[in-house]
Amino acid sequence: QLLVACVLMSRVSSWATKHDAISAFFARYPTPTAALAATPDDALAILRPLGLFPNRFRSVVEVSTAVLSDVRPLDVGMEAGKNKIH
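Quick summary incoming for the structure in this document. Since the model is a prediction, treat every value here as computed from it, not as a measurement.

What to know about helix H4 (residues 40–47)
The set of residues buried in H4 consists of Ala 43, Ile 46 and Leu 47. For H4, the angular spread of buried residues about the axis comes to 85°, placing them on one side. More than 90 degrees from the buried face of H4, the exposed residues found are Asp 41 and Ala 45. Where H4 is buried, its residues meet helix H1 (2–9), helix H2 (15–28) and helix H5 (53–69).

What follows is the structure, encoded as structure tokens:
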């Protein structure tokens, strides 16, 4: 949840907007498996106040997939052009 919360909070300044949208998202999708089962339309209804929807949803899917399927360490290094989370 921490990684997904970081993806969702990026570039959003309003604490209330972040809190409300992220709380609603985790209430509906509490696990990576649940997040992967989300339809874009359902997720959009929750995440719309955060903006940048296609990129945020794609990042949630990528992080969830990595957590569930990747046996390598999740490298979130900041090298330019590498390991980008959308």
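Let's pick the thread back up.
Topic: the side chain of Ser 64
Topologically, Ser 64 is positioned in helix H5. Since its relative accessible area comes to 2%, Ser 64 is described here as buried. Among residues more than four places away in sequence, those in contact with Ser 64 are Val 4, Pro 32, Ala 35 and Leu 36.

Points about the environment of Leu 44
Assignment of secondary structure puts Leu 44 in helix H4. Here Leu 44 falls in the partly exposed class, since its relative accessible area comes to 22%. Along the backbone, Leu 44 and Phe 57 are 13 residues apart, and their C-alpha atoms lie at a distance of 8.1 Å.

Section: the pattern of salt bridges
Taken as a whole and assessed by the stated rule, the structure comprises one salt bridge. A salt bridge links Asp 42 to Arg 28; its shortest N-O distance comes to 3.6 Å. With a gap of 14 residues between them, Asp 42 in helix H4 and Arg 28 in helix H2 connect regions that are remote in the sequence. In this structure Arg 28 comes out as partly exposed when scored by relative accessible area, which is 47%.

Here's the deal with the side chain of Lys 18
Of note, Lys 18 is situated in helix H2. Buried charge Lys 18 goes without a salt bridge, the closest partner of opposite sign being Asp 20 at 12 Å. Contact partners of Lys 18, with chain neighbours within four places excluded, come to Met 9, Val 12, Ser 13, Ser 23 and Leu 50.

Some thoughts on unusual backbone geometry
Although it is not a glycine, Arg 11 sits at a positive phi angle of roughly 65°. Looking at the element boundaries, Arg 11 is found in the loop between H1 and H2. Here Leu 52, not a glycine, exhibits a phi torsion of approximately 50°, which is positive. For Leu 52, the location among the structural elements is in the loop between H4 and H5.

Here is what the cut-offs are and how they apply
- Residues numbered from 1 in each chain as written.
- Predicted model: local features only at pLDDT ≥ 70, side-chain atom pairs only at ≥ 80, totals over all residues.
- Heavy atoms only, no water.
- Buried < 20%, exposed > 50% of the residue type's maximum accessible area, 1.4 Å probe, protein only.
- Helix = DSSP H or I, 4+ residues; strand = E, 2+ residues; numbered from the N terminus.
- Arc of directions from axis to C-beta.
- Contact = heavy atoms within 4.5 Å.
- Salt bridge = Lys/Arg side-chain N within 4 Å of Asp/Glu carboxyl O.
- Lys, Arg positive; Asp, Glu negative; His and termini not counted.

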